[in-house]
Amino acid sequence: MKSYILRLLAGMFAVTYIFVLSCCDKRNETGMFNISDESANIIDVVTENYSDEDMFDKIDTEKYTLDKLNKLYPVEFIKKYKRADDSYVDNVAYMTSYGYIILYYDKSGNYEFGKDIITEKSLKEFDVINIGDSVDDVQKFDENGEFLFLYTGCIDVPKISQHYTTDGYMVMVYYDSDYSVTKIENRLI
């Protein structure tokens with residue numbers, strides 16, 4: 001339970017929208033990781049599937065730099081995300097036996113925060129969620145989803161839940177003031 005709460009708190013700082021670019025585990029001649037086609041799916045790019053259940057806790061506790069992380073767990077999938085202030089963050093993703101680990105690094109390669117994600121459903125299975133369903137219905141369907149807006153205590157936080165699929169997608173479910181589903185979107189991790 002403590003681990004779940006820590007993951008939830010770390011996720012509260014997570015970016016609502018994640019734009020996906022993938023890369024190889026090698027650096028280019030400038031020392032930067034190569035960014036590849038944004039339409040690449042993590043499932044097709046990543047060759048290593050980690051089974052160490054403590055991997056996220058180790059990384060989150062030690063706050064490895066991107067270089068140190070790459071030495072311990074070779075980086076196969078990295079993307080850049082543009083923040084609201086026009087700065088960029090590097091997002092590194094790993095596949096695990098239970099889902100994904102997504103880590104956020106500043107432009108200097110310093111660890112900011114991460115998310116340890118459990119997945120159990122494919123993108124197709126999310127077709128059962130319909131406009132007008134309640135947030136309770138969505139929570140019952142995917143209890144591993146991130147419903148951070150329910151726990152922040154702020155009324156101006158966008159009401160969007162995030163869900164990750166076994167086949168490499170993030171599903172965003174939008175809610176109105178009555179906590180009913182108004183829109184459903186998905187994108188590659």
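The model shown is predicted, which means the values in this text are computed figures rather than measured ones.

Parameters at a glance
- Residues numbered from 1 in each chain as written.
- Predicted model: local features only at pLDDT ≥ 70, side-chain atom pairs only at ≥ 80, totals over all residues.
- Heavy atoms only, no water.
- Buried < 20%, exposed > 50% of the residue type's maximum accessible area, 1.4 Å probe, protein only.
- Helix = DSSP H or I, 4+ residues; strand = E, 2+ residues; numbered from the N terminus.
- Arc of directions from axis to C-beta.
- Contact = heavy atoms within 4.5 Å.
- Core = buried A, V, L, I, M, F, W, Y, C linked by side-chain atoms within 4.5 Å.
- Phe/Tyr/Trp six-rings, centres within 6.5 Å; stacked < 30°, edge-to-face > 60°.

Asks: Run through helix α3 (residues 55-62), naming residues and quoting values.
Replies: Among the residues making up α3, those that are buried are Met55, Phe56 and Ile59. In an axial view of α3, the angular spread of the buried residues amounts to 95°, which keeps them on one side of the axis. Projecting away from the buried face of α3 at angles above 90 degrees are the exposed residues Thr61 and Glu62. A positive phi of about 55° marks Lys63, the residue just after α3.

Asks: If you had to explain the side chain of Ser122 to someone new, which residues and values would you point to?
Replies: Structurally, Ser122 can be placed in the loop between β5 (111-118) and α5 (135-141). A residue is classified by how much of its surface remains accessible, and Ser122, at 19% relative accessible area, is buried. Ser122 has contacts with Thr165, Thr166 and Asp167, leaving out every residue within four places of it along the chain.

Asks: Give a detailed account of the nonpolar core, specifying residues and quantitative values.
Replies: Among the nonpolar cores identified, the biggest contains 18 residues, and Ile42, Tyr100, Ile102, Tyr164 and Ile189 are the most heavily contacted of them. Secondary structure elements with two or more residues in this core: β3 (88-96), β4 (99-105), β5, β6 (160-164) and β7 (169-175). Discounting chain neighbours no more than four positions away, the residues touching Ile42 are Phe77, Ala93, Tyr94, Met95, Tyr100, Gly168 and Ile189.

Asks: Give me the lowdown on the packing of aromatic side chains, citing residues and values where you can.
Replies: The geometry of an aromatic ring pair is captured by two quantities: the separation of the ring centres and the angle between the planes. Counting across every chain of the model gives 8 aromatic pairs. When the ring of Tyr105 is compared with that of Tyr111, the centres are 5.6 Å apart and the planes differ by 70°; the resulting orientation is edge-to-face. Tyr105 sits in the buried class, given a relative accessible area of 0%. Ring geometry for Phe149 versus Tyr179: centroids 6.1 Å apart, planes at 10°, classification stacked. Of the two residues, Phe149 sits in the loop between α5 and β6 while Tyr179 sits in the loop between β7 and β8 (181-188), which places them 30 residues apart along the sequence.

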